[in-house]
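The residues making up each chain are set out below.
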Amino acid sequence: MELRQLAYFVAVAEEQNFTRAAERVHISQSGVSAQIRQLERELGAELFDRSARTATLTAAGAAALAPARAALAAAAAVGQAVGDVAGVIRGRVTVGMVVGCTVTPLFDALAAFHRAHPGVEIALLEDNSDRLVHGVRAGTVDVALIGTATAAPAGLDALTLVSERLVVAVPPDHPLAHRRRVTLRDLADHPVICMPAGTGLRTVLDQACAAQRLRPVIALQAGAADAMADLAARGLGVAVLSESMAESYRDRLSTRVIDDIDIPALLCLVWRDAHGPAVRELLAYARRAFGGGGGGGLPEPAAAGDDPKDNHAASPEEQ
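Rules behind the numbers
- Residues numbered from 1 in each chain as written.
- Predicted model: local features only at pLDDT ≥ 70, side-chain atom pairs only at ≥ 80, totals over all residues.
- Heavy atoms only, no water.
- Helix = DSSP H or I, 4+ residues; strand = E, 2+ residues; numbered from the N terminus.
- Buried < 20%, exposed > 50% of the residue type's maximum accessible area, 1.4 Å probe, protein only.
- Areas by Shrake-Rupley, 256 points an atom, 1.4 Å probe, with all protein chains shown as cover.
- Pairing = 2+ DSSP bridges.
- Axes fitted to C-alpha atoms, helices over the stretch in contact; angles between N-to-C directions.
- Contact = heavy atoms within 4.5 Å.
- Polar contact = N/O pair within 3.5 Å; in protein donor to acceptor, adjacent residues only side chain to side chain.
- 1 Å grid on protein atoms, 1.4 Å probe; cavity = no way out; pocket = protein on both sides within 12 Å on 5 of 7 lines; lining within 4 Å.
- Points joined across faces, edges and corners; volume = space filled by probe spheres on them.

> Would you explain the overall build of the chain in this entry?
Each helix and strand in the chain was counted, giving twelve helices and twelve strands. Taking all 319 residues of the chain together, the buried fraction comes to 41%. Total accessible area on the chain stands at roughly 15,600 Å², and carbon and sulfur atoms take up 51% of it.

> Help me out: how do you make sense of unusual backbone geometry in this one?
It is generally the case that most residues other than glycine have a negative phi and that most peptide bonds are trans. Of note in the backbone geometry, Gln16 takes a positive phi value of approximately 60 degrees without being a glycine. Position of Gln16 among the secondary structure elements: in the loop between α1 (3-15) and α2 (18-25). Its relative accessible area of 39% is what places Gln16 among the partly exposed residues. At Arg213, a position not held by glycine, the phi torsion is positive, near 55 degrees. Mapped onto the secondary structure, Arg213 falls in the loop between α8 (200-211) and β9 (218-221). You can call Arg213 exposed: its relative accessible area is 80%.

> Hey, could you run me through the sheet that holds strand β12 (residues 265-271) in this one?
The strands that make up a sheet pair up through hydrogen bonds in the backbone, lying either parallel or antiparallel. Read from one edge of the open sheet, five strands run β4-β3-β5-β12-β6, paired in mixed fashion. In the strand order of this sheet, the two ends are held by β4 (120-127) and β6 (157-164), each with one partner. Between one strand axis and the next, the sheet turns by 20 degrees as a mean value, whatever way the strands run. Across six bridges, the pairing between strand β5 (residues 143-148) and β12 is antiparallel. Pairing of Val143 across the sheet is with Trp271, part of β12. Taken strand by strand, helix α6 (residues 129-138) contacts β3 (91-98), β4, β5 and β12, and its axis lies near 145 degrees from that of β5. Its contacts with the sheet put helix α11 (residues 277-289) on β3, β4, β5 and β12, and the angle it makes with β3 is roughly 45 degrees.

> Just checking my understanding: could you explain the pairing of strand β7 (residues 166-170) for this structure?
Looking down a regular strand, the side chains alternate between one sheet face and the other. Of all five residues in β7, five are buried; the element is thus mostly enclosed. Alternating residues of β7 divide into Leu166, Val168 and Val170 and Val167 and Ala169, and every residue in both groups is buried. For β7 and strand β11 (residues 254-257), the ladder comprises four bridges, and the chain directions are antiparallel. Its bridge partner being in β11, Ala169 is matched across the sheet by Thr255.

> Explanation requested: the side chain of Asp186 in the structure shown.
Counting through the fold element by element, Asp186 comes out in helix α7 (residues 184-187). At 2.9 Å, the side chain of Asp186 forms a polar contact with the backbone nitrogen of Thr183. In this structure, Asp186 is in contact with Leu176, Arg179 and Arg181, ignoring residues within four places of it in sequence.

> Sorry, what's going on with the environment of Leu166 here?
Note that Leu166 resides in strand β7. Separated by 96 residues in the primary sequence, Leu166 and Asp262 have C-alpha atoms spaced 9.1 Å apart. Those residues in contact with Leu166 that sit more than four places away from it in its chain are Leu201, Val204, Leu205, Val240, Leu241, Ser242, Val257, Ile258, Ile261 and Ala265.

> Just checking my understanding: could you explain empty space enclosed by the protein for this structure?
Think of a ball as big as a water molecule: rolled over the atoms, this probe shows where empty space is left. This model, assessed by the stated rule, comprises one cavity of 30 Å³ or more. Considered as a void within the structure, the largest cavity measures approximately 40 Å³ in volume. Elements supplying a minimum of two residues to the lining of the largest cavity: α5 (104-116) and α11.

See below:
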């Protein structure tokens with residue numbers, strides 16, 4: 001029995017799907033299936049019911065899940081204990097990033113963290129904000145960059161990085177381009193191009209429309225600002241973007257702030273308060289990359305060559 005087999009078993013049990021589990025552990029689906037078959041032969045029992053589309057645990061699999069998780073946790077603790085003595089941070093951090101959002105300081109933070117702690121594996125994934133928040137709460141994502149209408153999703157720590165208004169983006173000959181001010185009622189007279197449900201911008205738009213009992217026609221949805229801008233430039237609708245997103249398209253689109261949306265669109269870094277040294281250090285580098293931000297419980301990065309136990313600022317659970 002090997003630790004990797006247990007890791008694959010836990011991944012399939014949590015994802016309830018061999019394909020998603022394979023993506024999570026970064027090997028082929030056939031590789032995951034083969035290793036779990038080998039584990040089942042060694043244990044003398046099938047761990048999954050494969051008769052349906054969803055991989056569900058058998059009675060034997062359910063009995064094996066908790067010990068498998070404990071074995072993986074114990075193995076990780078061995079590596080961490082040695083790392084603590086040697087002053088080396090090891091492990092894996094999963095970083096989530098909202099689809100269609102490229103924030104250079106985050107990449108700078110990841111690069112600086114990787115140079116300082118090459119023993120930590122970094123996994124980066126894109127998804128919509130709602131699913132990223134769920135992942136952080138569930139523990140499958142350690143840190144996530146999300147768009148939101150609230151500064152701190154319930155139960156999570158957060159650092160607000162960007163707070164800005166929503167704008168409409170239209171071709172220069174569009175009727176809204178000639179108005180001095182644009183309201184939600186003006187927007188409701190035109191087909192709208194916006195982000196999908198579950199994203200921060202869409203949440204802000206939906207909340208503002210609900211407050212005025214307006215139902216604009218969502219003609220097209222796209223997860224990337226470039227796609228939304230291209231669709232708007234071709235006259236297929238009015239794109240709803242944040243101010244900074246729209247700035248890149250001023251050469252072909254006119255923008256107007258939506259005057260009566262008071263809720264700002266926020267870009268936040270979110271995490272749980274219970275995290276290990278690798279995540280604490282990554283958060284510290286994020287704080288440095290974003291110029292210190294608003295604090296939010298983020299520690300300072302340990303100095304190169306120093307023991308991270310002695311140099312990071314108190315994390316939220318230590319304060």
